[in-house]
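Examination of the molecular architecture
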Amino acid sequence: MKLSHLSLISCLFLSSQALALSTDREQPVYIDSDSQQLDMQSNKVTFLGDVKLKQGSININADKVIVTRNATDGAIQEIEGYGDLATFSQLTDDGKTLYGEAKELYYKMVDDQLTMIDQAMLSQDDSVIRGTKIRYQISSQKLIADGKEKGDRVSTVLQPQAVQE
């Protein structure tokens, strides 16, 4: 399996100091969908049909979203998004937008990690990373992108930094 440890994510996002908006985790989660199904045994809620999730500056749009909560305290543990292309966006503390898309999104709230699988893409400004699987640790700005076993590779486009006057 081709593996790229892109600690040069700092090159991709360094100019903007891409720390996620620090207040997002403290905000309530709003979800709109065509329907929802609650499974009280597993503490999972499944939202179906043009699902729009918002928490602070975080936006997830997908055909299907599954929210898993902690049985003890009710805190959200993970948000899964599925779709032809499910999307994720979040503002950084400096007002830039981090945007990702893939057929599968897994956002682990406790770990502050976004995993995108199948046609994964993560961008900020005009810099873009594409791969089969992208794992992004939002708070520490660490990224690992994988290509498929043979043939597919990780593709990165780094745009020159704008000159500030």
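Criteria and cut-off values
Residues numbered from 1 in each chain as written. Predicted model: local features only at pLDDT ≥ 70, side-chain atom pairs only at ≥ 80, totals over all residues. Heavy atoms only, no water. Helix = DSSP H or I, 4+ residues; strand = E, 2+ residues; numbered from the N terminus. Buried < 20%, exposed > 50% of the residue type's maximum accessible area, 1.4 Å probe, protein only. Contact = heavy atoms within 4.5 Å. Areas by Shrake-Rupley, 256 points an atom, 1.4 Å probe, with all protein chains shown as cover. Core = buried A, V, L, I, M, F, W, Y, C linked by side-chain atoms within 4.5 Å. Polar contact = N/O pair within 3.5 Å; in protein donor to acceptor, adjacent residues only side chain to side chain.

Along its length, the protein chain carries one helix and 11 strands. Secondary structure elements of the protein chain occur, N-terminal to C-terminal, as β-α-β-β-β-β-β-β-β-β-β-β. Within the protein chain, the fraction of its 165 residues that count as buried is 39%. Pairs at least 24 apart in sequence give 45% of the contacts found in the protein chain among residues at least 6 apart. Accessible area for the protein chain stands at about 9400 Å²; split by element, carbon and sulfur atoms hold 47% of it.

V65, I79, F88, Y107, M116 and I134 are the most contacted members of the largest nonpolar core, which has 28 residues in total. If you list the elements that add at least two residues to this core, you get β4 (44-55), β5 (58-69), β6 (76-91), β7 (97-108), β8 (113-124), β9 (127-137) and β10 (142-146). Per-element accounting of this core gives the leading share, five residues, to β5.

Mapped onto the secondary structure, Q55 falls in strand β4. Q55 sits in the buried class, given a relative accessible area of 4%. A polar side-chain atom of Q55 sits 2.9 Å from the main-chain carbonyl oxygen of Q27. Excluding residues within four positions of it along the chain, Q55 makes contact with D24, R25, Q27, P28, V29 and M109.

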